[in-house]
Amino acid sequence: RLHKIHLTLLNMASVPDDVASLWKSLDPAVRAALIESESKSDDKTKEGLQGRRAKASTGPRMDDTSANLIGGDSFTKRSVNPGWIKVRADVYDAVKERRDKELAEKVPVDIEVTLPDGKVLSEDKEGVKYQAWRTTPFDVAATIARGLADNTSVARVTYTAYVSDYNPEEDGMGGVDTLAESMAELEINDADEDKSKLTMLWDMTRPLVGSVSKMEFLKFEDDVDARTVFWHSSAHVMGEALERLYGSRLTIGPPLAGGFYYDSYMGDSSSDGALKEEDYKPVEAEVQKIVKSKQKFERLVVTKEEALDMFAGNPFKEQIISTKIADGSRTTVYRCGDLVDLCRGPHVPNTGRIKAFAATRHSATNWLGDTDNDSLQRMYGISFPDKKMLKVWQENQEKAKERDHRRIAQQQDLVMFHELSAGSAFWLPHGARIYNKLIEFIKEHYWRRGYDEIITPNIYNLDLWHQSGHAMHYKDAMFCFDVEGKEWAMKPMNCPGHCLMFAGKIRSYRDLPIRFADFGVLHRNELSGALSGLTRVRRFQQDDAHIYCREDQIEDEVLGALDFMKSVYDTFGMTYKLELSTRPAKALGDKELWDRAEAALARAMDTFAGKGGWRENPGDGAFYGPKIDIKVMDAMERVHQCATVQLDFQLPIRFGLEYNTGSKEKGSEFARPVMVHRAMLGSVERMFAVLCEHYGGKWPLWLSPRQVMVVPIHKDWNDYSQGVRDKLHAEGFYADVDLSKATFQKKVRNAQVEQFNFQLVVGEAEVKNGTVNIRTRDNKVEGEKKVDELIEYLKQLRAEYK
């Protein structure tokens, strides 16, 4: 019975109080024995106590055979327009004929479409009624304006209800999203995963299947979903070019936050199929042909057997179909021109929407990110609906190269990496100055805003992560190891440890809110191929804090967190946008609590940003609570997700957290707190990278690791210059003095290149007057100033975060 209770705990997101109490009441040794017993019987842990990602031989799995080299002779050499393209098209045509017969049997019924402003449409300009199985979002948009229809990438529809003869399973919508599932193997986020089943992105040319309570027309320029769809369609176009030109065997081609890529199998080293930079131009030229032909994107529902026939000869697609599509179920494919691809969609109406395209880079990778699997070729691309956008993007890319934090960190001697600890930064003295200053900056806010700093362990028995629920879904990303026969792990996040601290004593309603802040070191077992400078690392720190509050305190605490965020990003000179992500279809917990919490968040955001100063993301909240997504824009107008404010109803349940309400009424003596996860910087490492590129390496004085360089014109003034440096150092400034034999001009130039905020020039006059002559790193001469006056001036700049 105890073993069954433990399995129940592992598989339930919301644990009943009586079950949780029984589990907590067990002797720790009994709990540990149960966990050990279970782990021994779990096939996933038979290979040892390390997380699967810790060894290349146990990387992400699709099934037990995925480590095999499956590409074989499916690609032996480059070939133009290989014969299997026509064979696949023939199968597609045969299946389409069957689906067209099914569609002809559907009964068109009149429907209505409601626009975001509340206007209801039921017919087009000619008075033709909208009907299910016939009318498309393109038709509705054209009723409003043809230009709207021509410029919309995709529609977002919320159905009132489906018509009676529509079956999502029959339409290929009931099973898994094969692309999303495969993307998950590679840890590519699918932003739409938790959207409501009745709210979805819908092809502009796909017939509607019911009345729509809200239809939005999404354009590339205005909406992230529209850009995602546009880049997904562009990946298909690039895939078509790769098939035509080289006979590439396509695997997975997802959209990214800024572009897309396609992985393809092009044989082993003997086949000479590997991509080269010389391939970019031919691919771009082929894409232009595809774009000019304005190929329609056609959606087709297929059975598992039909899909296997269609993709026969491509072992990678076959594996996806075999392992991800249930027997007897259906999925979807999309066709544009010669390309037929396994895909959930949606897509833009036709390839002519893609006005500008560029192949940007290529690399080698492995099927499912596992080094034991086949080697694949990856080509990245970018595209836009306007050629001017591509030109601006290319100009920004050049700027981004100049501002790349890896380049600046090396030039300014801030950070280094070493293969003996891949993914973990070595912070050199000047880099550590910035790192520590960022932490100090947040700690100053903590002091003023009523946070309590705590310190928690770096390693825990895996029992903790089973209780929190992270072990079930997150173990692959944890560094696990054996401690006296028990499985332990380095912490990848702080929240479960904070819950233990809250539960460590009896809490009263008078104690709340409690704000725990923790800069503890975190470790995540990222795949080596995913590591990237300071933006994706294995060792990092967060300005992590968790607030435990009563339900009636949510609004004030969220408002306080938003004010905290504003102060931080105003200091950095960065702008931001706010989005409220609400209850998803797979949400856990009481709906009424969700509704009250979302209302509190909305009121807080109205107070903070004003009505209309934020947007709602329906159904995009986390399963454990609604959240506020904060999108930060840097100097190059790039968007970063750094700060976050999230409510959590589930961890307090999992850890049995409660506080004394002060009520004498039976059954109301105790209540659960609401947990607020919040971070302002997020990862300090990632924020360092963002700020490095935002400032272009020109750090403001308060954050600069090189603030002042004293430059004597002649060696006779070296002693005075050293004294000025020492005085500045005593006041807490990072000051240096150049006593080298270089010329005066060379010394000044060196200081400017090294990004010292100020150069203090010292000559005979300055020595006599007890002054220095001030220059900025931009070579602006600010003139002579007494040393004490200079120090006060610098103190003022530092205090004002300038």
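Now for a description of the structure that goes with this document. These numbers were taken from a predicted model, which means no experiment stands behind them. (Residues numbered from 1 in each chain as written. Predicted model: local features only at pLDDT ≥ 70, side-chain atom pairs only at ≥ 80, totals over all residues. Heavy atoms only, no water.)

**What about the overall build of the protein chain?**
In terms of helices and strands, the protein chain carries 25 helices and 35 strands. Across the 802 residues in the protein chain, those meeting the buried criterion constitute 52%. In the protein chain, of all internal contacts separated by at least 6 residues, the share reaching a separation of at least 24 is 73%. Of the roughly 36200 Å² of accessible surface on the protein chain, a fraction of 50% belongs to carbon and sulfur atoms. (Helix = DSSP H or I, 4+ residues; strand = E, 2+ residues; numbered from the N terminus. Buried < 20%, exposed > 50% of the residue type's maximum accessible area, 1.4 Å probe, protein only. Contact = heavy atoms within 4.5 Å. Areas by Shrake-Rupley, 256 points an atom, 1.4 Å probe, with all protein chains shown as cover.)

**Some points on helix α17 (residues 495-502)**
Counting buried residues along α17, 6 of its 8 residues qualify, which places the element largely inside the surrounding structure. Where α17 is concerned, the buried positions are C495, P496, G497, H498, C499 and F502.

**Some words on the sheet that holds strand β17 (residues 459-461)**
What the 3 strands build is an open sheet, ordered β17-β19-β18; its pairing is antiparallel. The sheet terminates laterally at β17 and β18 (480-483), the two strands that pair on one side only. Looking at each pair of strands side by side, their axes are set apart by 40° on average, direction ignored. Looking at chain direction, β18 and strand β19 (residues 486-490) are connected through 4 bridges and run antiparallel. Across the sheet, the residue bridging to F481 is W488, located in β19. (Pairing = 2+ DSSP bridges. Axes fitted to C-alpha atoms, helices over the stretch in contact; angles between N-to-C directions.)

**Here's the deal with the pairing of strand β27 (residues 639-648)**
Within β27, 8 of the 10 residues are buried, which leaves the element mostly enclosed by the surrounding structure. Bridge count for strand β26 (residues 627-633) against β27 is 6 bridges, and the pairing is antiparallel. Residue D629 lies in a different strand from β27, and its bridge partner there is T644. As judged from the 5 bridges shared by β27 and strand β30 (residues 674-683), these two strands associate in the antiparallel manner. Following the sheet pairing, L647 is matched in β30 by V676.

**Some remarks on a positive patch on the surface**
The grouping of K292, K294, K355 and K387 at the surface amounts to a positive patch. As for its placement among the helices and strands, K387 is situated in helix α12 (residues 387-403). K387 sits in the exposed class, given a relative accessible area of 61%. (Patch = residues over 30% accessible without salt bridge, like charges linked within 9 Å, V, L, I, M, F, W, Y side chains within 5 Å. Salt bridge = Lys/Arg side-chain N within 4 Å of Asp/Glu carboxyl O. Lys, Arg positive; Asp, Glu negative; His and termini not counted. Charge placed at Lys NZ, Arg CZ, Asp CG, Glu CD.)

**So, the state of the cysteines**
In protein chemistry, a disulfide is the covalent bond that joins the sulfur atoms of two cysteines. Throughout the structure, instances matching the rule amount to 0 disulfides. The structure places no disulfide on C343, whose sulfur is separated from the nearest cysteine sulfur, that of C336, by 9.9 Å. On the basis of relative accessibility, which here comes to 1%, the residue C343 falls in the buried class. Of all cysteine sulfurs in the structure, the one in C499 sits closest to C495, which takes part in no disulfide; the separation is 6.8 Å. Of the residues examined, C495 reaches a relative accessible area of 8% and is grouped as buried. (Disulfide = S-S within 2.5 Å.)

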